Amino acid sequence: MRRKIVAGNWKMNTLPAEGLELARAIVAKRRETGPSVELIVCPPFTHLSEVVKATRGEGVAVGAQNCAAEEKGAYTGEVSAAMLAALGVEYVILGHSERREYYGETSDTLNRKLAMAYANRLVPIYCVGEKLEERESGRHFDVVGAQLREVVYNLSPEQFSSLIVAYEPVWAIGTGKTATSEQAQEMHAYIRRTLAEKFGAAAEHTPILYGGSCKPSNAQELFAKPDVDGGLIGGAALEADSFIGIGKSF
Ligand code: PGA
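Residues numbered from 1 in each chain as written. Predicted model: local features only at pLDDT ≥ 70, side-chain atom pairs only at ≥ 80, totals over all residues. Heavy atoms only, no water.

Looking at unusual backbone geometry
One non-glycine residue with positive phi stands out, namely Lys11, at about 55 degrees. Tracing the backbone shows Lys11 in the loop between strand E1 (4-9) and helix H1 (16-29). One non-glycine residue, Arg121, lies in positive phi territory at about 60 degrees. Take Arg121: it is sitting in the loop between helix H5 (107-119) and strand E5 (123-128). (Helix = DSSP H or I, 4+ residues; strand = E, 2+ residues; numbered from the N terminus.)

This is how it looks when you write it as structure tokens:
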């Protein structure tokens with residue numbers, strides 16, 4: 001049995017007080033999902049400290065949305081993995097398509113960020129996914145394969161054993177256009193096969209989350225697929241009811 005995970009990527013939304021309220025509302029409803037489903041919330045940096053306190057011991061883990069590629073020093077505006085770990089943060093989203101697209105993150109950047117995360121005992125949620133034109137030209141497997149080989153293949157078997165992968169087709173993020181459950185399963189199976197080529201049977205245990213307009217109304221069909229182990233949720237993670245509703249969809 002693989003882990004079942006629903007992670008909320010709040011992106012650049014909510015003010016600190018609103019984020020704290022959202023975290024508390026999720027904690028209040030947490031039991032509705034049952035204990036076998038793991039919940040992770042990923043608020044903006046400014047809310048992490050308060051959200052860690054509000055969720056501690058409540059069965060809701062906290063992740064950051066990014067971390068620096070360097071350890072420390074003269075990197076104005078950056079937040080290091082060590083700083084996040086010191087707050088009690090356990091996860092970090094790395095390689096989100098918005099970071100790749102708007103902030104120029106490459107496989108090289110991401111190799112360094114993953115190394116920093118592991119050095120500080122943060123578990124990376126590593127995002128992969130193709131753009132619309134890449135899917136339409138039939139290159140989606142090649143694109144996702146390269147995102148895995150250029151980064152995940154550099155991990156040690158021990159590092160790989162804790163990794164979480166998220167498949168997020170860029171054309172489905174924030175567009176209301178979800179991948180069909182067949183498209184998701186096809187890609188998730190490809191991701192698992194690609195991981196198995198390098199890491200063997202350990203890939204059977206890797207949680208692979210789907211992201212892109214996932215909501216309570218489509219989560220059940222997606223999560224029913226054998227290689228879809230949960231979701232990385234954007235818009236629908238900003239309300240406790242819909243986030244928990246997705247958590248109840250296994
Ligand atoms: P969405 O975002 O659920 O709003 O499409 C998902 C994500 O970008 O992680």
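A closer look at helix H2 (residues 48-55)
All buried positions along H2 are accounted for by Leu48, Val51, Val52, Ala54 and Thr55. The buried residues of H2 occupy an angular sector of 165 degrees when projected down its axis, which confines them to one face. Buried residues along H2 sit in contact with H1, strand E2 (37-42), strand E3 (60-64) and helix H3 (81-87). Phi turns positive one or two residues past the end of H2, at Gly57, with a value near 75 degrees. (Buried < 20%, exposed > 50% of the residue type's maximum accessible area, 1.4 Å probe, protein only. Arc of directions from axis to C-beta. Contact = heavy atoms within 4.5 Å.)

Focus on the pattern of salt bridges
Using the criterion set out here, one finds 17 salt bridges in the structure. Linking Arg2 and Asp229 is a salt bridge whose minimum nitrogen-to-oxygen distance equals 2.9 Å. With Arg2 in the segment before E1 and Asp229 in the loop between helix H10 (216-223) and strand E8 (230-233), this residue pair connects regions lying 227 residues apart in the sequence. According to the relative accessible area criterion, Asp229 is buried, its value standing at 7%. Note that Lys53 and Glu50 form a salt bridge whose closest N and O atoms lie 3.5 Å from each other. Of this pair, Lys53 and Glu50 both sit in helix H2, three residues apart, which is roughly one turn of the helix. Classification of Lys53 by relative accessible area gives exposed; the value is 52%. Note on Glu50: relative accessible area 39%, which makes it partly exposed. When salt bridges that share partners are traced, they join Arg2, Arg192, Glu204, Asp227 and Asp229 into one network. (Salt bridge = Lys/Arg side-chain N within 4 Å of Asp/Glu carboxyl O.)

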